[in-house]
Amino acid sequence: MAAARGVMRAVRVLEFGGPEVLKVQSDVPIPRPKENQVLIKVHACGVNPVETYIRSGTYARKPALPYTPGSDVAGVVEGVGEQVTAFKKGDRVFTTDTVSGGYADYTVAAADKVFPLSDKLDFRQGAAVGIPYFTAYRALFQKGRAKAGETVLVHGASGGVGIATCQIARAYGLKVLGTAGTEEGMNTVVRNGAHQAFNHREANYTDKIKEYTQMEGVDIIIEMLSNINLATDLQLLAYAGRVMVVGCRGSIEINPRDTMSKESSIIGVGLFLATEEERQECARAVLDGIEAGWLKPTVGPEYPLEKVVKAHEEIIHSGGARGKMVLLP
């Protein structure tokens, strides 16, 4: 067995580029946990759109080459480094970041990015918690200042972050509207907390949203594809409304006057910029939600590690999201 020889399978990126630069290698040394680190046997790893941007070399943060992608791991603690007291071998855990990369049989993560995985969730669901739910909470409350009773539009609500946003917003007392591109996606959105779903492939869907809000508009928009939707979003906002830019795949032209007419705001969201205090706040909210039973990740497409190239192609080009994509080593 490879583990007995101290090696494992892992996806390595040797150069930036398209999905084809993702290479599965079977002789990668199993990392060893240093001080304040945890070694985890990976049972599932979430795939996030941001990982495709980083891989392509077009993102603000570029890791040193070669590297292994993957932040959202769920698995079992295999070992711990010095100073680690919160976890022990055999514990079920999930992560919000890794040191050595999650697209692998084993990964090392800093102990403060590792959290206990409740028995209420399986490993696939555990791999769908980290970035989606922490990002959703940050977008809604830490940056969006959402309050109970406000209306939130989740623009692209059937993917990992979208579903997380619907569940959290509903639990915290907001009126939740969501969009998806398929009938299946719309059903997923409603099942996960939205009061109403709209098909963003319909030409007049924005008119339907305006009608639904009785022409008052929405207080917050959580935007997954701002390079397509931002100009439209500004038309959908209520007075003092805010667009939270969570996802973007290019540039867009907007008219700044549209922000003046309603004193609206466009706010970028970057989970990696959260302070330690903010991360802990996210963690408390997420763990409480799991315990209360309303936080239930929806797992979408599943791929073995060997199909990682297809996974990276699909997450960008598929016809419509339906839950969180995961890799199963």
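(A) Summary view of the sheet that holds strand S10 (residues 196-199). The parallel open sheet is built from six strands, whose spatial order is S10-S9-S8-S11-S12-S13. For this open sheet the edge positions go to S10 and strand S13 (265-268), each flanked by a neighbour on one side alone. This sheet shows a mean twist of 20° between the axes of neighbouring strands, independent of strand direction. The sheet contact formed by strand S11 (residues 218-223) and strand S12 (residues 237-245) spans five bridges and is parallel. From the neighbouring strand, Glu-223 faces S12, where its bridge partner is Val-245.

(B) A look at the pairing of strand S4 (residues 73-80). In terms of burial, S4 is a largely internal element, six of the eight residues being buried. Sheet topology note: the strand S3 (residues 37-46)/S4 ladder contains seven bridges and is antiparallel. Looking across to S4, one finds that Leu-39 is bridged to Gly-79. Direction of pairing for S4 relative to strand S5 (residues 92-95): antiparallel, over a ladder of three bridges. Within S5, the position partnered with Gly-75 by the bridge is Val-93.

(C) Structural context of helix H9 (residues 276-292). For H9, with 17 residues, the first-to-last C-alpha span of 24 Å sits near the 24 Å given by 1.5 Å per residue. Of all the residues in H9, the buried ones are Glu-278, Arg-279, Cys-282, Ala-283, Ala-285, Val-286, Gly-289 and Ile-290. End-on, the buried residues of H9 take up no more than an arc of 165°, which puts them together on one face. Looking at H9, the residues exposed on the side facing more than 90 degrees away from the buried face are Glu-277, Arg-284, Asp-288, Glu-291 and Ala-292. Contact partners of the buried residues in H9: S5, strand S7 (114-116) and helix H3 (130-143). Immediately beyond the C-terminal end of H9, within one or two residues, lies Gly-293, with a positive phi of roughly 100°.

Quick notes on the rules
Residues numbered from 1 in each chain as written. Predicted model: local features only at pLDDT ≥ 70, side-chain atom pairs only at ≥ 80, totals over all residues. Heavy atoms only, no water. Pairing = 2+ DSSP bridges. Helix = DSSP H or I, 4+ residues; strand = E, 2+ residues; numbered from the N terminus. Axes fitted to C-alpha atoms, helices over the stretch in contact; angles between N-to-C directions. Buried < 20%, exposed > 50% of the residue type's maximum accessible area, 1.4 Å probe, protein only. Expected span 1.5 Å × (residues − 1). Arc of directions from axis to C-beta. Contact = heavy atoms within 4.5 Å.

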